[in-house]
Amino acid sequence: MDTYITGTTVKRLREAKGLTQLQLAEKIGVTAKAVSKWETAKGLPDISLIEPLSQTLGVSVMELMSGETVINRNASSNLLRSKLYVCPVCGNIIHTTGEVVISCCGIALPPLEAEEADGEHTISIESVEDERFITVEHEMSKKHFISFIAYVTTDKVQFIKLYPEGNAETRIQLRGRGCLYVYCNKHGLMKKRV
Ligand SMILES: [Fe+2]
C-alpha cells in the first residue's frame, strides 16, 4: 500500500544531502530511531514534521510527498519544450517551461502527452490577412468539446479558451515555426506542427 511519504524517498534524499539518520533527526527534533523507522516503513513522520523535513532535505513538500525530485534541464526556457497540464476536476490549465510537480484539486497531475491530430480532430489553417484562421472539425456540445487552442513557438505562447456551444475556431498570429495544440475534454491533447 502507498503511504504519503515512502521510506525510500526519505533515505534517498537524506543520503543525497550527506546526512546521517542522527544528523537529520537532530535538525528536525526527533530521535535517530524515529528516522530509522520511517526509512524502513515501520512508521511515518507526523504531518507537522513534513515542512521541516522537506526544508532540511532541500526539496518542496510536493517533491517529498511524490518522491520525485525536480531537476530543471530546460534552464533556457525553450517554450517548445513547454508542458501542459489540465486538471480533470476543475479544468484548470497549467503551462510550464520546466520540470514541476503539480497538484490541483488534491490530485497529482501528469504532463499531457500530445498526439498527432487524428481524423476526429482535424485541424485546418487558413491565411486571413496577416493572421491565420484555425478551425477544428469537432463537435462543441457540453459533453464533448474543444476547450482550448494554444500555439507555441520558441519565444511565445498563445492560449485561446473555447467554450461549448461556441465554434471550434479562432484567429491567431502564426509567426515562426511552432506547434499548434488543441485540447478535447474527452480525447485529450492533439498537436499539429506548423
Ligand atoms: Fe474529441
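The shown structure was predicted, so the numbers you read here are calculated from the model rather than taken from an experiment.

Participant: What exactly am I supposed to notice about the sheet that holds strand β7 (residues 131-137) here?
Facilitator: Two orientations exist for strands paired in a sheet by backbone hydrogen bonds: parallel and antiparallel. On the basis of which strands lie adjacent, the open sheet formed by 3 strands has the order β6-β7-β10 and antiparallel pairing. Lying at the two open borders of the sheet, with one neighbouring strand each, are β6 (122-128) and β10 (169-172). On average, adjacent strands in this sheet sit at an angle of 20° to one another, irrespective of strand direction. Bridging between β7 and β10 involves 4 bridges; their strand directions are antiparallel. The partner of I134 across the bridge, within β10, is T170.

Participant: What should I look at first to understand the domain arrangement of the chain in this one?
Facilitator: When the parts come together, some accessible area is lost, and that loss is often what is quoted as the size of the interface. Its domain assignment divides the chain into domain 1 (7-66) and domain 2 (79-193). Distance from the C-alpha centre of domain 1 to the C-alpha centre of domain 2: 40 Å.

Participant: What exactly am I supposed to notice about the sheet that holds strand β11 (residues 179-184) here?
Facilitator: Strand order in the open sheet formed by 5 strands is β5-β12-β11-β8-β9, and the pairing between neighbours is mixed. Sheet topology places β5 (115-116) and β9 (157-161) at the edges, where each strand pairs with a single neighbour. When β11 meets strand β12 (residues 188-193), the two strands line up antiparallel, connected through 6 bridges. In the strand pairing of β12, Y183 is matched with L189.

Participant: Before we go on, may I ask you to explain the pairing of β9 in this structure?
Facilitator: Looking along a regular strand, one sees side chains alternate from face to face of the sheet. When strand β8 (residues 146-152) meets β9, the two strands line up antiparallel, connected through 5 bridges. Paired with Y151 across the strands is Q158, a residue of β9. Between the end of β8 and the start of β9, which pair antiparallel, lie 4 residues.

What counts, and where the lines are drawn
Residues numbered from 1 in each chain as written. Predicted model: local features only at pLDDT ≥ 70, side-chain atom pairs only at ≥ 80, totals over all residues. Pairing = 2+ DSSP bridges. Helix = DSSP H or I, 4+ residues; strand = E, 2+ residues; numbered from the N terminus. Axes fitted to C-alpha atoms, helices over the stretch in contact; angles between N-to-C directions. Domains from an automatic or database assignment.

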